[in-house]
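Residue-level structural notes
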Amino acid sequence: MDNTGMGFLLDLFRGKINPAGKGNPRTFDGHPIHFSMYGMGAYLWNGAVSPPAEVQKSWRLAFDEGHEMGTHTETHPRGRQATRSEWEQE
C-alpha cells in the first residue's frame, strides 16, 4: 500500500468480486469490483496531502486497474458558493 488516499482505496477494493447474482450483465455479476473516483486536480500538482509524484502514480494505477477517474474541481472552493466565473475556471 502507498500512503495516498488512492492507495487506501485500491487496497480496499483489490481482489473483491461482485456476487454471482442471476446473470444480469448490468449488475456485473461475478466481475471484479471497480469504483469511480472524482478527485481534485490540485492534489496532482501542489502536494497538499501527498507528494504529487506519488498521487499521480497512484491515480494512474487506479485507472490501469480498471477504475474510473474524473475531475471534481481544481481547487474545490470551501465555505461559500462559488461564482459562475470561478466554476468556469475550475
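One can find the structure itself at the top, above this paragraph.
As a starting point, this report considers the structure included with it. (Residues numbered from 1 in each chain as written. Predicted model: local features only at pLDDT ≥ 70, side-chain atom pairs only at ≥ 80, totals over all residues. Heavy atoms only, no water.)

**Looking at the nonpolar core**
Residues Met-6, Leu-9, Leu-10, Phe-35, Leu-44, Val-55, Trp-59 and Ala-62 constitute the largest nonpolar core, which totals eight residues. Those elements giving two or more residues to this core turn out to be α1 (5-13) and α3 (52-64). Sequence-distant contacts of Leu-9, that is, excluding residues within four places in its chain, are made with Phe-35 and Met-37. (Core = buried A, V, L, I, M, F, W, Y, C linked by side-chain atoms within 4.5 Å. Buried < 20%, exposed > 50% of the residue type's maximum accessible area, 1.4 Å probe, protein only. Helix = DSSP H or I, 4+ residues; strand = E, 2+ residues; numbered from the N terminus. Contact = heavy atoms within 4.5 Å.)

**Side note on the pattern of salt bridges**
On inspection of all chains with the given rule, the structure shows four salt bridges. When the shortest N-O distance is used, the salt bridge between Arg-14 and Asp-11 registers 3.1 Å. Looking at Arg-14, the relative accessible area reads 41%, which means it is partly exposed. Of the charged contacts, one joins Arg-14 and Glu-65 as a salt bridge, the two residues approaching to 2.8 Å between their closest N and O atoms. With Arg-14 in the loop between α1 and β1 (36-40) and Glu-65 in the loop between α3 and β2 (68-73), the pair connects residues that are 51 residues apart, well separated along the chain. Since its relative accessible area comes to 30%, Glu-65 is described here as partly exposed. Within this structure, Asp-11, Arg-14 and Glu-65 form a network of salt bridges that share partners. (Salt bridge = Lys/Arg side-chain N within 4 Å of Asp/Glu carboxyl O.)

**Description of the packing of aromatic side chains**
Throughout the structure, instances matching the rule amount to one aromatic pair. Considering the side-chain rings of Phe-13 and Phe-35, the 5.2 Å spacing of their centres and the 50 degrees angle between planes classify their relative orientation as tilted. Taken together, the positions of Phe-13 in helix α1 and Phe-35 in the loop between α1 and β1 put the pair 22 residues apart, joining distant regions of the chain. Judged by relative accessible area, which is 9%, Phe-35 ranks as buried. (Phe/Tyr/Trp six-rings, centres within 6.5 Å; stacked < 30°, edge-to-face > 60°.)

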